[in-house]
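One letter stands for each residue in the lines below.
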Amino acid sequence: MKITTKAFSGILFLLLLSPQLVLARGKSDFLMDPVPAKRGEAKPLFRTQPFLQNPIGGNITISWFTNSPSHGWVEYGTDESLGNKMETRKAGQVVANVKHHKVRLNNLVQGKKYYYRVASREVLLYSAYKKKFGEVEYSDIYEFTLPDTVSSDFMALIFNDLHKRGSTLEGLLKQVEGVDYDFVMYNGDCIDDPENEDVALNFLSFSNNQVNAAEKPVFYIRGNHEIRGAYSVNLNHLFDYVGGKTYGAFNWGDTRFVFLDCGEDKPDDHWVYYGLNSFEQLRNDQVEFLETETKSKEFKSASKRVLIQHIPLYGMGEDRYVPCKELWSDILNSGNFSVGINGHTHSFAYHEPGSLGNTYPVIIGGGPKEKDATVMILRKVGESLHLKVLGFDGSILGEYEF
Ligand SMILES: [Fe+2]
Ligand SMILES: [Fe+2]
């Protein structure tokens, strides 16, 4: 098609009137001001309350989620005026423009009460040469106390196999009202089969709020159902495991906790996993870990040793796949553990030492249905370690001293 000189001049004139093109012609890239992306007005900036994890060695991790990419930090101190600020930096860069905020406070005084609040401001624009932020929003002020180095007493609540049943957790918590616990352990299959981030975060947030995880640290131990579902690969990133792995050990006072990851409950080559599981290696890695751990000074000098893992090694029935038993039981049986705490079977059980080849008492928590559900209260007082197991109706299923 032939364009006449007159038509060409007209097209040129129209092009020059286009605001975008005027902008592109008139300003260099770094001065351009794209329309900021704002979150939906209906959604608050904070998606979850903050929750505490990994309160070990004078340090603690505070995590929270926002509904839109934000810059977040923690303000903290030994009184409510706070006074200190901590944000996360990686390789020289402040971790901003994220929805998952994870800040570790270091070098805290153990046994001392700290106050904190978290702050976030929405990142409205994060371009190479220009940034825009929303108003800073703050959480309430919360408090926490790291484990004391002088007193070795503690009280902990242990739940397992909630399978995202919020009403079960609420009911169990009614039975422990007034119990002044220091921390909480979720021993697997609590955020089961997470199909997406919303599902995982909704229950994580719910269960954290229920136990006041903004002030009481929570330990998440992986169950086999946390390894299923489309979001399961990402689930681990929501947590801050002690030592950075799904297995490890830590001290609370002079009690040593060893937590293990049994992986799935069927062999890696079972068709249902489609070749995407490789737990054989993970279990073997824990053999090495246990050999080192049980020889360590911290383990040997502990006054009590608590073993916690989701799938029991004992009382599982002859036909069940329990590869961890062959791999780990010799080391565990010679470890002089005070107690082993498990879940997975959905049925409360107590196996006394020597009854099934175990040298330590084994206690298995119940399941998600009200008739099976349990909460454990683990308490160290002086030289004694007590464990009480309560049912959904508050009945005492077992009470032990180690
Ligand atoms: Fe379960
Ligand atoms: Fe399980």
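For the structure given in this document, a descriptive report is provided here.

Scoring rules and cut-offs
- Residues numbered from 1 in each chain as written.
- Chains lettered and ligands numbered in written order.
- Predicted model: local features only at pLDDT ≥ 70, side-chain atom pairs only at ≥ 80, totals over all residues.
- Heavy atoms only, no water.
- Helix = DSSP H or I, 4+ residues; strand = E, 2+ residues; numbered from the N terminus.
- Contact = heavy atoms within 4.5 Å.
- Areas by Shrake-Rupley, 256 points an atom, 1.4 Å probe, with all protein chains shown as cover.
- Donors = N, O, S within 2.8 Å, 3.2 Å for Na, K, Ca; no water.
- Tetrahedral: all angles 85-135°; square planar, octahedral: opposite > 155°, others 65-115°.
- Buried < 20%, exposed > 50% of the residue type's maximum accessible area, 1.4 Å probe, protein only.
- Pairing = 2+ DSSP bridges.
- Axes fitted to C-alpha atoms, helices over the stretch in contact; angles between N-to-C directions.
- Core = buried A, V, L, I, M, F, W, Y, C linked by side-chain atoms within 4.5 Å.
- Salt bridge = Lys/Arg side-chain N within 4 Å of Asp/Glu carboxyl O.

Brief notes about the overall build of the chain
- The number of helices and strands found in the chain is 8 helices and 21 strands.
- Within the chain, contacts between residues separated by at least 24 positions form 69% of all contacts whose residues are at least 6 apart in sequence.
- Accessible surface, the chain as shown: approximately 19,700 Å² in total, 51% of it carbon and sulfur.

A few points about the coordination of the iron ion (ligand 2)
- Each protein donor to the iron ion (ligand 2) is listed here as D189 (OD), N224 (OD1), H310 (NE2) and H344 (ND1); together their distances run 2.1 to 2.2 Å.
- For the iron ion (ligand 2), the 4 donor atoms in the first shell make angles of 90 to 162° at the metal, a pattern classed as irregular.
- Ordering the donors of the iron ion (ligand 2) by residue number gives the pattern D-x34-N-x85-H-x33-H.
- A separation of 3.4 Å is found between the iron ion (ligand 2) and the iron ion (ligand 1), which are bridged by D189. Residue H310 is located in the loop between β15 (304-309) and α8 (323-333), and its partner H344 is located in the loop between β16 (339-342) and β17 (349-351); the two are separated by 34 residues in the primary sequence.
- Of the residues examined, H310 reaches a relative accessible area of 1% and is grouped as buried.

Re the sheet that holds β17
- Reading across the sheet, the 6 strands line up as β13-β14-β15-β16-β18-β17 and stay open at both edges, with mixed pairing between neighbours. At either end of the open sheet lies a strand with only one pairing partner, and these are β13 (248-252) and β17. Recorded for the sheet is a direction-independent mean angle of 20° between the axes of neighbouring strands.
- Two elements, β13 and strand β14 (residues 255-260), share 5 bridges in a ladder whose sense is antiparallel. Looking at β14, one finds that G248 is bridged to F259.
- Against the sheet, helix α6 (residues 279-295) engages β13 and β14, with an angle of about 170° to β14.

A word on the sheet that holds strand β20 (residues 384-391)
- Taken together, 6 strands build an open sheet; the order of strands is β12-β11-β10-β19-β20-β21 and the sheet is mixed. Taken across any chain shown, the strands that pair with only one partner, and hence form the sheet edges, are β12 (218-221) and β21 (396-401). Across the sheet, the mean angle separating the axes of adjacent strands is 15° when strand polarity is ignored.
- The pairing of strand β19 (residues 374-381) with β20 spans 8 bridges and is classified as antiparallel. Counted as the bridge partner of R379 is H386 from β20.

Description of the nonpolar core
- Of all hydrophobic cores here, the largest spans 58 residues; its most connected members are F159 and Y186.
- In terms of residues, this core owes the most to one element, strand β10 (residues 154-159), which gives 6 residues.
- If we skip the residues at most four places from it in the chain, Y186 touches F159, L162, L169, S207, V211, V218, F219, Y220 and I221.

Focus: the coordination of the iron ion (ligand 1)
- D161 (OD), H163 (NE2), D189 (OD) and H346 (NE2) make up the full set of protein donors to the iron ion (ligand 1), lying at 2.0 to 2.3 Å.
- What the 4 donor atoms of the iron ion (ligand 1) show is an angle range of 89 to 171° at the metal, which sorts the shape as irregular.
- Donor residues for the iron ion (ligand 1), ordered by position in the chain, follow D-x1-H-x25-D-x156-H.
- Its relative accessible area of 15% is what places H163 among the buried residues.
- The class of H346 is partly exposed, set by a relative accessible area of 26%.

Let's talk about the pattern of salt bridges
- Here the structure, examined in full by the defined rule, presents 15 salt bridges.
- Measuring nitrogen to oxygen at the nearest pair gives 3.0 Å for the salt bridge that ties K164 to D192. Residue K164 is found in the loop between β10 and α3 (166-175), and its partner D192 is found in the loop between β11 (183-187) and α4 (197-210); the two are separated by 28 residues along the sequence.
- In this structure K164 comes out as partly exposed when scored by relative accessible area, which is 27%.
- Across the salt bridge formed by D265 and K266, the nearest N and O atoms sit 3.2 Å from each other.
- Here the salt bridges do not stand alone but share partners, grouping R228, E264, D265 and K266 into one network.

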